[in-house]
Every structure is written in C-alpha cells, then in structure tokens.
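What follows is the residue order along each chain.
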Protein chains: 4
Amino acid sequence: MLAAMKVAFIGLGKMGSGMARNLLRAGHQVTVYNCTRKKSEALEKDGARVGDSPSAACRGAEAAITMLADDHAVEEMVFGDNGIAAALEANAVHISSSTISTAFARRLESEHQKRGQAYLSAPVFGRPEAASAKNLLVVSAGDPRIVDRCRPLFEAIGRASFVAGTEPWQANAVKLCGNFMIASMMESFGEAFAILRKSNVDRHFFVEVMNALFGSPVYANYGAIIASESFEPAGFGLKLGLKDIRLILQAAEERAAPMPLASLIRDQFLSALAHGQEDADWSSVSKVAARNAGL
Amino acid sequence: MLAAMKVAFIGLGKMGSGMARNLLRAGHQVTVYNCTRKKSEALEKDGARVGDSPSAACRGAEAAITMLADDHAVEEMVFGDNGIAAALEANAVHISSSTISTAFARRLESEHQKRGQAYLSAPVFGRPEAASAKNLLVVSAGDPRIVDRCRPLFEAIGRASFVAGTEPWQANAVKLCGNFMIASMMESFGEAFAILRKSNVDRHFFVEVMNALFGSPVYANYGAIIASESFEPAGFGLKLGLKDIRLILQAAEERAAPMPLASLIRDQFLSALAHGQEDADWSSVSKVAARNAGL
Amino acid sequence: MLAAMKVAFIGLGKMGSGMARNLLRAGHQVTVYNCTRKKSEALEKDGARVGDSPSAACRGAEAAITMLADDHAVEEMVFGDNGIAAALEANAVHISSSTISTAFARRLESEHQKRGQAYLSAPVFGRPEAASAKNLLVVSAGDPRIVDRCRPLFEAIGRASFVAGTEPWQANAVKLCGNFMIASMMESFGEAFAILRKSNVDRHFFVEVMNALFGSPVYANYGAIIASESFEPAGFGLKLGLKDIRLILQAAEERAAPMPLASLIRDQFLSALAHGQEDADWSSVSKVAARNAGL
Amino acid sequence: MLAAMKVAFIGLGKMGSGMARNLLRAGHQVTVYNCTRKKSEALEKDGARVGDSPSAACRGAEAAITMLADDHAVEEMVFGDNGIAAALEANAVHISSSTISTAFARRLESEHQKRGQAYLSAPVFGRPEAASAKNLLVVSAGDPRIVDRCRPLFEAIGRASFVAGTEPWQANAVKLCGNFMIASMMESFGEAFAILRKSNVDRHFFVEVMNALFGSPVYANYGAIIASESFEPAGFGLKLGLKDIRLILQAAEERAAPMPLASLIRDQFLSALAHGQEDADWSSVSKVAARNAGL
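What you see is a predicted model; the values in this text were computed from it and never measured.

## A word on the confidence of the model for chain A
Then comes step 1: Looking at chain A, pLDDT values average 96 and 99% of them are 70 or higher.
Then comes step 2: Scored by ipTM, the complex comes to 0.96, with pTM at 0.96.

See below:
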C-alpha cells in the first residue's frame, strides 16, 4: 500500500468538502482550512484537524491542496496574510485543483520555485456528487517526480487520473478545454431545442434520441436538465461558467488560437447574465437561444 | 410474429445496401432499384428481386423506401420518368429515409396525398457499418396508423425506433438537429485541439480524457479520427455534411429560430471546401480551426 | 445628345416608379407594366404608354428593364404567361435591376442567349427618394458592347454608373456585397448602442461622433434612424433585407468564401423576425443586440 | 482669447508628438516627458521644456496629459517611481488621452480623487497625420467644470471636441466603440473582397463603388489600403488593434452587453497574429477572410 501523506486542504466548498473527506478515507492525515470555520468543523468527525489559517494548516504538510473559486481566491490564500507561500516547507508541494487561468498557474509555479517549493496543477472534472463519491477525473501536470509522489492523493479523490504534461499550466489548459466541450454541448442543445420547440417536437423526445445516439451520461444529464429547465438550484453556477469561458478565451489569446465557438458561448453567457440568470445553472445559457427564437 | 411486407427499396449506396439486406433477413419481400444495376444484383443472392426502374420496383409494393443522397435525387426518383409517385398503388406508403429538407418532406407528403398514397419520413442515424449491422436509429414521423403499419420495417433495419410526431417533416427536423449536434462536437474538438497543440498537449491524450468525461462512443470515434487526422477514405463526406448544415439552416429560417453555432459550422465547412477538402470526411472540418491558429 | 431608346419598364414599386419617370424625363420612350394597373396609369401623365402585359410592353422595345422584389417575381415576369422572354425581339436586351441571386442571373443570361436576346444585370443602390431624384448608383455587368449601348439608360436613372465585369452576375455580386456592407454597419451600430445605453451614453451623441469620424451620409442617416428607433414606416423592409443576406450567403457558398459576419447578420435578422419585426425597417435588426443585452 | 495653461505632456509617440506640438502652437506652456529623451528634445525647438521624469514634468502643471500605449504604460507613469500621482498638485487634473480600459479609467479617477486631484478621460480619434494636423476628434468625459477648464487644451489638438458624460470612463467606452465601428468596417471589407476576388471583380472597383455609396473618407482610406494590401509600415499596428478589441469586449462583459461582432473580430485578429501579422497594419486582419476562402 502507498504511504499516507500529510496534507493541508484549503477550500471546503461543495467540491472541496467531498475531496477532503475522501483523502481522509484513504488514510491521509488532513488538516483543513476554510474561510467559514463551520465547514472545517464538519470534517472533524471524519478525522480532519482544523487549521486556524492557511499557514497553520500547512505546517508540516507534504502537500497543500487548494480548491477555490478562481484566480483571485487562490491568490489570497497563497500570497495573502498567513498564506500558503510563506508557510509551506521547502520541497513540499502546492497542488492547485481549482479551475484557474493558465497564466496564473505559471505565476504560481514560478513563485513557489523561488521559495524552494514545488507546484502542480491538478484540476478535476465532476460535479459535487462526483466529488463526494470519489468519482472525479483528475488531470495533473508538472514535474513528473512530483506528480508521481502525489499520485496517492489523486487516487484518493478520483476514479481516474491523467497526466497532461510536465508544465503545470498544461493541466489547466486541458481542464478549460474540457469545460468548453461541455459548454459547446449545452449551446448545441439550446439551439436544437429552440428550432424543435417551434417544430412542435418534444424536447424530452429529442434527449431520448440523443441518448441513443451519443450514449453519454453527460448528454443524458444535461439534456434532461435543459429540456425540463431545472436550472435552480444550480449545480454549477452561470457566473462560474462564464469565468471558465473567459479563461479559455484568455488562453486562446495567449496561444493565438482563435476559438469562435468559445466566443459564441461567451456572448450567450453574457446575454444570460443580462437577463438575470446569474444564480441559475450554467446550462440555463440555453435560454438565450430560445429567447432569440422568440420563445 | 409480424407479417412480412412487400417492399420496394430505391437507392443502394453504402447505407441503402445494408438496410435492404436487413429487410430481407427479417423476412420481407424486397424489390430493389439502383441507378447502377450492379448494386442491385449484389443483393439477389440475399433474396432480393431486381426492378428495372423505380416504378417497376413499386409494382404491388405496400411500401417504397428511398435512401438517396439529397432532395434532388429523391425528386428524380419520385417525380421523374418511371418514378415512384406515378407507380405506387393507392394506400401504399412512400418512406423517405434520406436526409432531406423539411420543405421537401412537406412537398412529398402533399404530392403523395393528392395521389391517394401515404408518406412517412423515416431518416436514420448511423454510419454504413451500423446500416450493415442493423444498428441504425430510425426516427419516423407521420400519420400514426401508417407509422404503426411500418414498424416491422423500422425494426428490421435498426436497433431502436423513435416517433417524432404526426407530421413527416418533424422527423427530418430531428435528424438534421442530430447531425448538427455531431457537427458541433466536431467543431469543439477542432478548436480544443488547436489550442492544445499550441500548448504541447497530445491530442490523443485529450481524447482519452474526453472519453472518461463523456463516456460516449461518438466522442471516442470522432475524437480518434480527428486526433489522428484519418480523414480519408471518408465515412461521411464533407460535401454531404455541408448539405446537412445547409438544410438545418434552411429549417432554422423557416421557423425563425437563429442557430449561430450552425452558422459557424457552415462557415468552417465552406473554408474546408475552399481548401480542397471536399472528398475528405466531414470531421476534417476541424482542420479549419487548426489553420486559423497557424498550424 | 444620346439617342432616345424604346424601353419596356416592368415593376413600378417605390423604386421602379421613380426610375421609369427619370427615363421618360431623359427623353426615352417608355412602355410600363405593373401587376396593379393603377401604378402604370400614374405614369401616363409623364408620357408613359401602358402595356397590358409584360409581353405587350416589350413589343418593339430595344430594352426591357425589370425592377421587382426577388428571383421569384422576376421569374414570373420573364418566363410566365405573356412573359418577357417570349416577347422580346432578337438582339433586344433584358436589363434586370432587381436584387436577384447570382445563380438566377446566370440562368437569365443563358435563357436569353438561347432566344437570341441579350441580358445585363444592372442593380442599383439607393432608397426610393434616390430613385425619384435620379440619385441612384447603377452597377451593371455583361457584354461590353451591350453595356455601352445601354449607357444612356443608366445615365438617365442614376448619378453614377459602374461596370463590374463582363458577366452579368458579377454586378449582382457587387450589389449584394454593398448591401452586406450596409447591414454590417447596422449591426455594429446595434452592438455599440447596446453597450453605450448600458453606460448611460446618449445614442444621438454617439451618432454625432461617428458623423465626425466617418463623414458619411449613410452613417448619419442610419445612425439617426437606429438611435431614435424610427423603424416604421420601413424604408427597406426587414424581410427584403433578410432576403439580400440570404442571397449573399448563397453566393458565398457558390464561391466557397466564408462570410462569418454575413452569417451573424442573418441570425440577427432571424431573431428580429421571431420578434415580429417583419414589417419594420431592416435597420431594426439593431434591436436584437439591445434585447440580448437585456434592454 | 482663452488663457494659456501650464501643461505636462507624457508620452511622445507618433500621436503624442503631434499633440504636444499643437499645444505649444496654441500658446500653452508645455513640459514634456518621454521614456527615450530624444523625442522630448525634438520638441524643444517648438518651445517645449523637457522634464527628467513624469513627476518633474508635472511640477507646477495645471494639467498632465498622458498619451501612452495601454493600461500598463499609463499605470507605470502614474503610479510608478516619480510618477504623476505623487507629483501632481491638488486641484490639478490628469487627462488620459490613451485608449485605456473603462475599468482602469475608473481606478484612475478614484486614485486621483483620493489625492485631491482631478481626472478626465479624453481619448482621441485620428491617425498620426491627424494628430500633426490638429485634426483629431477629442471625446472627453468627467466633472463638467473640469471639462470646461480643459476645453482650450482639447481645442488646441483637435478639429472637434465632444463630451460623452460626467464619468470619465464613459469617454473610454465611446472611444472603444468607435474603434469597434472601424474594425467592423475592415472585417466587412475583408469578407466582401474575398468573395469578389473569387468572382473576378476587381477590389479597387468595389472601393470606388463603396466610395460613391458611403461617401466616407474612412472607407476610401481603408478600402484602398486593404484593396492594395499596403499593410506595412503600419499606421496602427495589429497588436494595438487587438488590444482595443479586447478592451471593448471587457467593457461588454462589465455591462453584460454581448457584442458578437466584436467577438468575431477578435478571433480574426488572433488568426492574423497566428500568421505572423503582428507588425502589420490592423487592417491586414482582412487577410484572414481571404485565407479562409483559400486565397
């Protein structure tokens, strides 16, 4: 069996709580930190220790995992007061599982390197249920020796683990592309549903056909959500979705690789925002195509 | 067991040959017609009779199935010399399985009605291998009693059968939307691959991750084709793909339902044509995103 | 002075009436035909003779000018009962000034050629006021000798005349591109106004700045219409605008030249239609951008 | 006559040099600063004093005008070592004429306010020739009393001056929208030229027709540049153009106002970059449409 590791886990939202719990179940020694302490305490019965600050959580840790909303939140936890960067020991590794920009991933790598610390990007695919059920997909990237060392952690939280490359930001590029693939599917459902509604074809009927055609749980899941317009409560909020599309477009600009479909999706998200859908599920972007068809 | 039917089958291309063979295997009595007689004769050993013309094939038939390239080809076989419309008996049904426009489906319905004949649209999803393996999805629409009567035929050629509505053209709308969903996936793969190549991430790696994420044979199949650029020989040619996108855009105009993603795909197809890809697989549209990224 | 010509003029809508009147003023001998006879009679006081049918109008004419809504209307007048094609004398020329498709222009040329008749495309730029004021731009194309022969006609109706090439359809391509340029300007105004309204910047103020920047009467005119939302009565209806965009997209497909901006405009027009704007001015397409911004 | 003002002018690129010279000509007392001192010295013969640093230039100034490449450059000059913010006297005004983001304009306003200083945005329209010829359009915004006080400066550098609103960033929104209008025109020329070239219609011919249609020097100028592909030396570089499109898209996101045409232009700019056009004129974006048509 692989040796248990000493881990700091920062960020106990819907995703992070499940991930931290699965690390504990796999036998790792986990100290958690969250802005609102209550969520930390909820993990105590699972064996977690509670840190009073990111730096306290990092004390003695071999790895610090961050699972936060965006670049800004990670920046605060890493470089803010009592942050990870100042506390993490030499040779310990910071693993960012948040969906962050490729540019910020490069900055994290370089800042940690300056401090003698290691850095990996290891974003995950999956909704909160998947996080709870140890059913995530983990896409990591970075120095292969560090990736190897952290494998037990990835195995503890996901059903499969992939290594995108030797530079951390490559994992973020893959994660953003994956979310772009899902958003593309949502947009195509939205447009198809608009014309089908105006053709008096039942949306659920179309989902059934698409299930037979694609055979994909993702199509089945989102198809059903969109067909029945079950956008609240949000599994993944529209604002976070827009953030991810913004990040892939930034990466596209970085690489000079135009992504017209991503641009289209961004504009649809903006229209959704303009119509007050910021708290709805990101799949509610499909309502924009409906509105444009006068529905 | 359901009674065997007397069927005319017109159009023995890659798709039609497999479909006709499966009708024979299911015990139906099939008279085939194809422009080049050789393909008809190839089915004789499977029990098919060979008609000298569409009208000859229709003599005494309860149903005439057409499986042809486009509106124009169907028009010729139905309304041309020795065509189906003139030969089909009263109460017999013409089943169009070709991917045709919704407007032409309405015209077929009305023309057959004038002649006391029935009409169904019953387009299919699946590549030639699926046609051979009785693995198609059949989406039919039209008068429910006629659909019921033809069910044994749909069951003979496909693994599943769906009824889209009571007006034939609705099945064509569903078929076109389905192809649009597949083309959207191809475009999203194309854009993701462009940025990932410029990020030094292996395309096959990304397909692997997408397989784990979507769990869809369609993603696995097209992902692999696109990643390895195995565009020839074409499973489904780019020109036919463009035709389908043109048809969905025509339907979108009919219904006043804008489909910006379909418009984008159309433009990419045109650029592919402009670069001489007309004989390549339609998934080679992904090369347009690559070219626009300077690859 | 250039010799007067004997001309048949078919189609006396808002544009055609002004054009026919200017031909009369220039001294040409004009026999007019219009579906509703009343509009023909209105020109009698200007010296026009009234034909009872297109063919009657063409009797003895050196040139027959058509100014009609679309391909379909021209087809009827040319190839229908008592149509132009059957009546026009050998060596006489049919001049189509309507905005028709490049494909139909090619068909007109070839059909007239078969009958020993000449054909020119000579579409015009300008609104009804410009037609009345002899202020149109005439873009012709076809056999240079025929173009030369018809020059007095072009000079009679417009302030400037241009020759696009030796094949008639080239003039139609130029006309469609010109309308595309105007529609692009309308879409850009629409998007700019949406963000500026949400920035509390007055739309008329922006038009003023754009007037100073572009110095164009077209910007001044459409900018003011769009800023004040004076979309009715329509100077040029949205449905006709959509038709023109459809025609340029068809031409783009013919030439394998993607026009993503034209595609975008088409989708905006469709959304405008879906919101009941079919009778409004085509510049009301700008409301789509506003709606998508939640305005 | 309006009283002369004491002005610091920071940033003597192609635009800034002409502007500073016109301020001197109008009788204002100008102290200039530029990173490379040589450009400052070139203005001495016109009566400029040369500052050794931004702060030195600001000493005793009533107004400090910045004319720099982007947000980043302005940030350095304002908040960096020996920056404007620290040196500008209370009640003096910083006028940013650079094309900067609306967000950064708001930050500038608030930072200056904290220091008891005033702030206006006053971006300009026009190329370097227009700057030299006192032919710019100046769009300012901010506190009306401050705008009034600075009017002599605006009149010294431009042929017309406009006030967009009472919040400085509004002027930036107008400037970005104006550049978007120009870029839209370039994209529409690019697409029209692509199809016209494939129709054997001469590009210069089309420019001539568009000149007659739009009657705009901007169309005449850019039409000729694009038709003859005279993209180097760049009047306004593609990278700066991309920056402006990025800024309008950021503003669009801020206001939740989708701008699909701006998104399309951005993608075309990225493709141009990917093909090595970073040093060409921004109007070379038209080559992307040509390439996509296989030209």
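## What about the domain arrangement of chain A?
Residues and elements named next belong to chain A.
Then comes step 1: Taken domain by domain, chain A comprises domain 1 (6-166) and domain 2 (173-292).
Then comes step 2: The interface is formed by 16 residues belonging to domain 1 together with 21 residues belonging to domain 2.
Then comes step 3: Ranking the residues of domain 1 by area buried against domain 2 places Thr-99, Phe-125 and Arg-127 at the top, with a combined share of 46%.
Then comes step 4: At the boundary of domain 1 with domain 2, the tally comes to two salt bridges.
Then comes step 5: For the salt bridge of Arg-106 with Glu-254, the shortest nitrogen-to-oxygen distance reads 2.9 Å.
Then comes step 6: Across the domain 1-domain 2 interface, the total number found is eight residue pairs in polar contact (both at pLDDT 80 or more).
Then comes step 7: Classifying every residue of the side of domain 1 that touches domain 2 by side-chain character gives nine nonpolar, three polar and four charged.

## Side note on the interface of chain A and chain B
Then comes step 1: The interface is formed by 58 residues belonging to chain A together with 58 residues belonging to chain B.
Then comes step 2: Contact between chain A and chain B buries roughly 4,700 Å² in total, counting both sides, with carbon and sulfur atoms accounting for 76%.
Then comes step 3: Three residues stand out in chain A for area buried against chain B, namely Met-181, Ile-195 and Phe-214 of chain A, and they jointly supply 14% of the buried area on that side.
Then comes step 4: Here chain A and chain B share zero salt bridges between them.
Then comes step 5: Summed over the shared surface of chain A and chain B, the number is 15 residue pairs in polar contact (both at pLDDT 80 or more).
Then comes step 6: Breaking the side of chain A that touches chain B down by element, the ones donating at least two residues are β8 (136-141), β9 (158-165), α9 (168-197), α10 (203-214), α11 (217-227), α12 (238-255) and α13 (260-274) of chain A.

## As for the relation of the copies chain A and chain B
The operation relating the pair of chain copies consists of a rotation about an axis and a translation along that axis.
Then comes step 1: For these two chains of identical sequence, chain A goes onto chain B by a turn of 180 degrees and a shift of 0.0 Å along the axis, with RMSD 0.0 Å. Viewed as a symmetry operation, the transformation between the two copies matches a two-fold axis. The rotation axis passes nearest to the C-alpha of Ser-216 of chain A in chain A, at a distance of 2.3 Å.

## What to know about the packing of aromatic side chains
Then comes step 1: Within the structure shown, the criterion is met by 42 aromatic pairs over all chains.
Then comes step 2: Look at Phe-269 of chain B and Trp-282 of chain B: their rings are 6.5 Å apart centre to centre, the planes differ by 25 degrees, and that puts the pair in the stacked class. Of this pair, Phe-269 of chain B sits in helix α13 (residues 260-274) while Trp-282 of chain B sits in the loop between α13 and α14 (286-292), and the two are 13 residues apart along the sequence. For the pair formed by Phe-269 of chain B and Trp-282 of chain B, the shared burial category is buried.
Then comes step 3: Each residue in the set Phe-189, Phe-193, Phe-206, Phe-214 and Tyr-219 of chain A together with Phe-189, Phe-193, Phe-206, Phe-214 and Tyr-219 of chain B is aromatic and connected to the rest through ring pairs, giving one cluster.
Then comes step 4: Positioned above the aromatic ring of Trp-169 of chain B, the side-chain terminus of Arg-106 of chain B is 5.3 Å from the ring centre.

## Quick word on empty space enclosed by the protein
Then comes step 1: The final tally for this structure, using the stated rule, is nine cavities of 30 Å³ or more.
Then comes step 2: As a volume, the largest cavity reaches approximately 680 Å³.
Then comes step 3: Breaking the lining of the largest cavity down by element, the ones donating at least two residues are α13 and α14 (286-292) of chain A, α13 and α14 of chain B, α13 (260-274) and α14 (286-292) of chain C together with α13 (260-274) and α14 (286-292) of chain D.
Then comes step 4: Residue composition of the lining of the largest cavity, by class: 16 nonpolar, 16 polar and four charged.
Then comes step 5: Around the second largest cavity sit Gly-190, Phe-193, Ala-194, Arg-197, Arg-203, Ile-226, Glu-229, Phe-231, Ser-286, Lys-287 and Ala-290 of chain D, which together line it.
Then comes step 6: Secondary structure elements with two or more residues in the lining of the second largest cavity: α9 (168-197) and α14 of chain D.
Then comes step 7: Residue classes in the lining of the second largest cavity are distributed as five nonpolar, two polar and four charged.

## Quick notes on the packing of α13 of chain A against helix α9 (residues 168-197) of chain B
Then comes step 1: Following both chains from N to C, one finds α13 of chain A and α9 of chain B inclined at 110 degrees, their axes separated by 8 Å at the closest point. Considered as vectors, α13 of chain A and α9 of chain B are oriented roughly perpendicular to each other. On α9 of chain B, the residues touching Pro-260, Leu-261 and Ala-262 of chain A of α13 of chain A are Ser-184, Glu-187, Ser-188 and Glu-191 of chain B.
Then comes step 2: Class assignment for the residues of the contact of α13 of chain A with α9 of chain B results in three nonpolar, two polar and two charged.

## Some points on the pattern of salt bridges
Then comes step 1: Under the definition given, this model contains 68 salt bridges over all chains.
Then comes step 2: A salt bridge links Arg-255 of chain B to Glu-254 of chain B; its shortest N-O distance comes to 3.4 Å.
Then comes step 3: Under the relative-accessibility criterion, Glu-254 of chain B is labelled partly exposed at 34%.
Then comes step 4: For Asp-281 of chain C, the salt bridge goes to Arg-127 of chain C, with nearest N and O atoms at 3.3 Å. Of the two residues, Asp-281 of chain C is situated in the loop between α13 and α14 and Arg-127 of chain C in the loop between β7 (124-125) and α7 (128-132); the sequence distance between them amounts to 154 residues. For the pair shown, Asp-281 of chain C and Arg-127 of chain C are each scored as buried.

## What about the environment of Asn-82 of chain A?
All names here are of chain A.
Then comes step 1: Within the secondary structure layout, Asn-82 lies in the loop between α4 (71-79) and α5 (84-87).
Then comes step 2: Residue class for Asn-82 comes out exposed when judged on its relative accessible area of 51%.
Then comes step 3: Along the primary structure Asn-82 and Ser-55 are separated by 27 residues, whereas in three dimensions their C-alpha atoms are 5.1 Å apart.
Then comes step 4: Dropping the residues within four chain positions of it, Asn-82 is found in contact with Ser-53, Pro-54 and Ser-55.

## Section: the interface of chain B and chain C
Then comes step 1: In this assembly, 17 residues from chain B lie in contact with 17 residues from chain C.
Then comes step 2: For the pair chain B and chain C, the summed buried area comes to about 1,300 Å², and 53% of that belongs to carbon and sulfur atoms.
Then comes step 3: Summed over the shared surface of chain B and chain C, the result is four salt bridges.
Then comes step 4: For Glu-253 of chain B, the salt bridge identified is with Arg-266 of chain C, shortest N-O distance 3.3 Å.
Then comes step 5: Counting across the chain B and chain C interface gives eight residue pairs in polar contact (both at pLDDT 80 or more).
Then comes step 6: Secondary structure elements with two or more residues in the side of chain B that touches chain C: α12 (238-255) and α13 of chain B.

The rules behind each value
- Residues numbered from 1 in each chain as written.
- Chains lettered and ligands numbered in written order.
- Predicted model: local features only at pLDDT ≥ 70, side-chain atom pairs only at ≥ 80, totals over all residues.
- Heavy atoms only, no water.
- pLDDT = per-residue confidence, 0-100.
- Domains from an automatic or database assignment.
- Contact = heavy atoms within 4.5 Å.
- Buried area = accessible area lost by both parts, 1.4 Å probe.
- Salt bridge = Lys/Arg side-chain N within 4 Å of Asp/Glu carboxyl O.
- Polar contact = N/O pair within 3.5 Å; in protein donor to acceptor, adjacent residues only side chain to side chain.
- Nonpolar A, V, L, I, M, F, W, Y, C, P; charged D, E, K, R; others polar.
- Helix = DSSP H or I, 4+ residues; strand = E, 2+ residues; numbered from the N terminus.
- Least-squares fit on C-alpha atoms with pLDDT ≥ 70 in both.
- Phe/Tyr/Trp six-rings, centres within 6.5 Å; stacked < 30°, edge-to-face > 60°.
- Buried < 20%, exposed > 50% of the residue type's maximum accessible area, 1.4 Å probe, protein only.
- Lys NZ or Arg CZ within 6 Å of the ring centre and 35° of its normal.
- 1 Å grid on protein atoms, 1.4 Å probe; cavity = no way out; pocket = protein on both sides within 12 Å on 5 of 7 lines; lining within 4 Å.
- Points joined across faces, edges and corners; volume = space filled by probe spheres on them.
- Axes fitted to C-alpha atoms, helices over the stretch in contact; angles between N-to-C directions.
- Parallel < 35°, antiparallel > 145°, perpendicular 65-115°, else oblique.

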